[in-house]
Amino acid sequence: MTEILTPRLRLRRWTDDDLVPMAEINADPEVMRWIDDGSVRDLEQTAEGIERCEEEWDEEGFGLFAVELLASGELAGFAGLSVPDFLPEVLPAVEIGWRLGRPFWGQGYASEAAQAVLEFALQDRGLDRVISICHIGNTASENVMRKLGMTPERETVHPVYGYPLRVYAIDLTEYQG
């Protein structure tokens with residue numbers, strides 16, 4: 001299954017029409033504040049990111065879904081699964097992650113999308129464990145992780161950028177949804 005409907009959202013594969021709105025999200029310094037070194041991304045970098053998402057779908061059978069509002073058809077951002085290659089100490093692992101544009105913050109969309117992704121991980125992909133990694137201090141993302149039933153597993157340091165990270169995990173064999 002490569003499309004998931006929630007009460008307010010459609011999680012789906014990427015289309016060409018997603019490039020410009022996702023590039024606008026990636027160009028917002030507040031959105032990117034907790035991502036890598038905090039740098040914004042341009043249209044070309046966004047296109048490369050979407051291409052990597054699609055490659056991961058082909059290689060792994062999962063990836064990052066484009067998240068669209070059902071009511072308006074607007075692209076809100078993404079949510080999905082990926083292999084966190086940037087942090088070898090947690091491998092093998094599958095990470096759940098999300099990034100939404102600022103107009104979509106504070107409305108429960110990240111939690112709604114992430115909940116659907118956890119169900120996808122368990123029911124459609126048969127994963128028994130999922131992690132999530134965040135920059136310590138990113139309380140909004142940590143709140144979503146806790147809402148999902150994830151618990152802190154370890155603290156570490158980003159191997160490239162040197163800032164502190166917190167790794168959350170959930171055992172999906174005990175997941176209640």
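See above for the structure.
Everything numeric here is computed off the predicted structure, so don't read it as measured data.

Caption draft 1: Region of the structure containing the overall build of the chain. Assigned secondary structure in the chain consists of 5 helices and 8 strands. Put simply, the chain runs from its N terminus to its C terminus through helices and strands in the order β-β-α-α-α-β-β-β-α-β-α-β-β. For the chain, the spread of C-alpha atoms along the three principal axes comes to 35 × 35 × 35 Å. Every one of the 177 residues in the chain was classed for burial, and the buried ones make up 49%. In the chain, once contacts between residues fewer than 6 apart in sequence are set aside, the share between residues at least 24 apart is 61%. As presented, the chain carries roughly 8800 Å² of accessible surface, and 48% of it is formed by carbon and sulfur atoms. Distance from the positive charge centre (15 side chains) to the negative charge centre (33 side chains) of the chain: 6 Å.

Caption draft 2: Layout of the environment of histidine 135. Take histidine 135: it is sitting in strand β6 (residues 129–135). Sequence separation between histidine 135 and leucine 91 is 44 residues; the distance between their C-alpha atoms is 18 Å. Those residues in contact with histidine 135, other than ones at most four positions away along the chain, are Trp34, Tyr163, Pro164 and Leu165.

Caption draft 3: Local environment of a negative patch on the surface. On the surface, a cluster of negative charge is made up of Asp42, Glu44, Glu48, Glu51, Glu55, Glu59, Glu60 and Asp85. Mapping glutamate 48 onto the fold places it in helix α3 (residues 43–60).

Caption draft 4: Structural view of the side chain of serine 82. Tracing the backbone through its elements, the reader meets serine 82 in strand β4 (residues 75–82). Judged by relative accessible area, serine 82 falls into the buried class, the value being 15%.

Caption draft 5: The arrangement of the nonpolar core in detail. Core analysis: the largest hydrophobic core is formed by 36 residues, its most contacted members being Leu11, Leu81, Ile96, Trp98 and Val130. Listed by contribution, the elements that provide at least two residues to this core are β2 (9–12), β3 (64–69), β4, β5 (95–100), α4 (109–124), β6, α5 (139–147) and β8 (164–171). Looking at this core, the element that brings in the most residues is α4, giving 9 residues. Non-local contacts of tryptophan 98, meaning those with residues more than four positions away in its chain, are made with Phe78, Ala79, Ala110, Ala114, Ser132, Ser141, Val144, Met145 and Leu148.

Caption draft 6: Spatial organisation of the pattern of salt bridges. Within this structure, the stated rule accounts for 14 salt bridges. The salt bridge involving arginine 8 is made with glutamate 112; its shortest N-O contact spans 2.7 Å. A residue pair is termed long-range when its members are at least 10 positions apart, and arginine 8 in the loop between β1 (3–5) and β2 and glutamate 112 in helix α4 qualify at 104 residues. The buried category is assigned to glutamate 112, whose relative accessible area is 15%.

Caption draft 7: Broad picture of the packing of aromatic side chains. Overall, the coordinates contain 6 aromatic pairs when judged by the stated rule. Among the aromatic residues, those joined into a ring-pair cluster are Trp57, Phe65 and Phe120.

Caption draft 8: Geometry of the packing of helix α1 (residues 19–26) against α3. Here α1 crosses α3 at 115°, and the two axes come no closer than 9 Å. Considering their axes alone, α1 and α3 lie roughly perpendicular with respect to each other. When the axes of α1 and α3 are compared, the crossing they make is right-handed. Listed contacts from α3 to Leu19, Val20, Met22, Ala23 and Asn26 of α1 are Leu43, Thr46, Ala47 and Ile50. Class assignment for the residues of the contact of α1 with α3 results in 7 nonpolar, 2 polar and no charged.

Criteria and thresholds
Residues numbered from 1 in each chain as written. Predicted model: local features only at pLDDT ≥ 70, side-chain atom pairs only at ≥ 80, totals over all residues. Heavy atoms only, no water. Helix = DSSP H or I, 4+ residues; strand = E, 2+ residues; numbered from the N terminus. Buried < 20%, exposed > 50% of the residue type's maximum accessible area, 1.4 Å probe, protein only. Contact = heavy atoms within 4.5 Å. Areas by Shrake-Rupley, 256 points an atom, 1.4 Å probe, with all protein chains shown as cover. Lys, Arg positive; Asp, Glu negative; His and termini not counted. Charge placed at Lys NZ, Arg CZ, Asp CG, Glu CD. Patch = residues over 30% accessible without salt bridge, like charges linked within 9 Å, V, L, I, M, F, W, Y side chains within 5 Å. Salt bridge = Lys/Arg side-chain N within 4 Å of Asp/Glu carboxyl O. Core = buried A, V, L, I, M, F, W, Y, C linked by side-chain atoms within 4.5 Å. Phe/Tyr/Trp six-rings, centres within 6.5 Å; stacked < 30°, edge-to-face > 60°. Axes fitted to C-alpha atoms, helices over the stretch in contact; angles between N-to-C directions. Parallel < 35°, antiparallel > 145°, perpendicular 65-115°, else oblique. Left-handed = near helix turned anticlockwise from the far one by under 90°. Nonpolar A, V, L, I, M, F, W, Y, C, P; charged D, E, K, R; others polar.

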